[in-house]
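# Geometric and topological summary
Here are the chains, one letter per residue:
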Amino acid sequence: MTSKAQSYREIYFTTHDGLRLCGRHYPAVFGSSGGARMPLLCLAGLSRNGRDFHVLAEALSQSFDGARDVYTLDYRGRGQSDYDANWRNYAVPLEAVDVLDFMIVAGLERPAIIGTSRGGLIAMVMAALRPRAVGPVVLNDIGPVIEQKGLGRISAYVGRIPLPASWAEAGALLQDMGRRAFPNVAPEEWIAVSRQWFNEHKGRPAPGYDPALANALSVLDGPIPQLWPQFEGLKRVPVLVLRGENSDILSAETLEAMHRRHPQLSSYIVPGEGHAPLLRDTQSIQVVAQFLAASEASEWQPRLAYG
């Protein structure tokens, strides 16, 4: 019996301050569509890593009617990347610089970007720092206004989750945490998601991020500044916003305001999911694929929802 071939290769590089960071490249499997398509760079949430995009990356890189190269990155202190001795370096501006350096190492020029939560904030900063470096953008449950209630919920668990003793226990833990926001996710799916959250050591769950990351959240007391100036940097490119139906980070009101301010913005409400949509369901993946294909073909037109 032969095992399934690995769908990606790992990329390691060293940052300007000496940390070794890890990324992945899912090479496109070209089919009837012919030539190469615009690559996609995936940026994860605050305490998350590139494994969050594994299902999406495999689907988009192996699609025979439009396969594209997909890249993911573990920020400093997350996933398989080195921890930073100074927790103050767990900051969006520095992480944006790391992403830009990764793009150079990977040979990426103006890729499409999908950013989940913090990854979307990084995409906004990148658009301000290097406007010509950013192609079409998918913002996964993030916008210029971050709801305080949702941020408080995240602050309550980052760096405080007990380490499960088994993958079954890890799945049960995440199911309990996500019961209200993700009521339709099956127990076996939560086990699969737990393998994204946690690293693995000797067959068991291991910490998936530096616990000191919690310190970076502890300094965010009080209202969070609105990021409309950063959002303005995305006006020059097509943008798709995914909002979880049960999100406590991106409100419906903020999404409406984003539509008013951005003439090339589409949105899709992910049913039955909260912050942030898991990007594992067929419909969400199809929405992203359709948006990227239309943007690439210069046929893109803003729509309130995909169907």
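You'll find the structure just up there.
The shown structure was predicted, so the numbers you read here are calculated from the model rather than taken from an experiment.

## Here's the deal with the pairing of strand E3 (residues 40-43)
Burial along E3 is two-sided: the residues Leu40 and Cys42 and Leu41 and Leu43 are all buried. Note that E3 and strand E4 (residues 70-74) share 3 bridges and pair parallel. Bridge assignment links Cys42 to a residue of E4, and that residue is Thr72. Pairing analysis gives 4 bridges linking E3 to strand E5 (residues 112-116), with the strands arranged parallel.

## Observations regarding the packing of aromatic side chains
Applying the stated criterion to the full structure yields 5 aromatic pairs. Taking the centre distance of 5.9 Å and the plane angle of 35° together, the rings of Tyr157 and Trp197 count as tilted. On the criterion of sequence distance, the pair formed by Tyr157 in helix H4 (residues 148-157) and Trp197 in helix H6 (residues 187-197) is long-range, its members being 40 residues apart. Ring centres 5.9 Å apart and planes at 85° place the aromatic pair Phe182 and Trp190 in the edge-to-face group. A cation sits over an aromatic face here: Arg20 above Tyr12, 3.9 Å from the ring centre.

## Some points on the nonpolar core
Leu41, Val99, Met126, Leu139, Val158 and Leu234 are the most contacted members of the largest nonpolar core, which totals 67 residues. Excluding its chain neighbours within four sequence positions, the residues that come into contact with Val158 are Leu46, Ser47, Tyr209, Leu213, Ala214 and Leu217. With 24 residues, the next largest nonpolar core counts Ala44, Val138, Leu242 and Leu279 among its residues.

## Brief notes about the environment of Ile285
In this structure, Ile285 sits in helix H10 (residues 282-296). Residue class for Ile285 comes out buried when judged on its relative accessible area of 11%. Once the C-alpha coordinates of Ile285 and Val55 are considered, the two residues, 230 residues apart in sequence, prove to be 8.9 Å apart.

## Describing the pattern of salt bridges
Counted according to the given criterion, the structure contains 13 salt bridges. Arg68 is the salt-bridge partner of Glu296, the closest N and O atoms lying 3.5 Å from each other. Here Glu296 is found in helix H10, whereas its partner Arg68 is found in the loop between helix H1 (54-61) and E4, with 228 residues between them in sequence. Through salt bridges with shared partners, a single ionic network connects Asp17, Arg76, Asp84 and Asp98.

Cut-off values and rules
Residues numbered from 1 in each chain as written. Predicted model: local features only at pLDDT ≥ 70, side-chain atom pairs only at ≥ 80, totals over all residues. Heavy atoms only, no water. Buried < 20%, exposed > 50% of the residue type's maximum accessible area, 1.4 Å probe, protein only. Helix = DSSP H or I, 4+ residues; strand = E, 2+ residues; numbered from the N terminus. Pairing = 2+ DSSP bridges. Phe/Tyr/Trp six-rings, centres within 6.5 Å; stacked < 30°, edge-to-face > 60°. Lys NZ or Arg CZ within 6 Å of the ring centre and 35° of its normal. Core = buried A, V, L, I, M, F, W, Y, C linked by side-chain atoms within 4.5 Å. Contact = heavy atoms within 4.5 Å. Salt bridge = Lys/Arg side-chain N within 4 Å of Asp/Glu carboxyl O.

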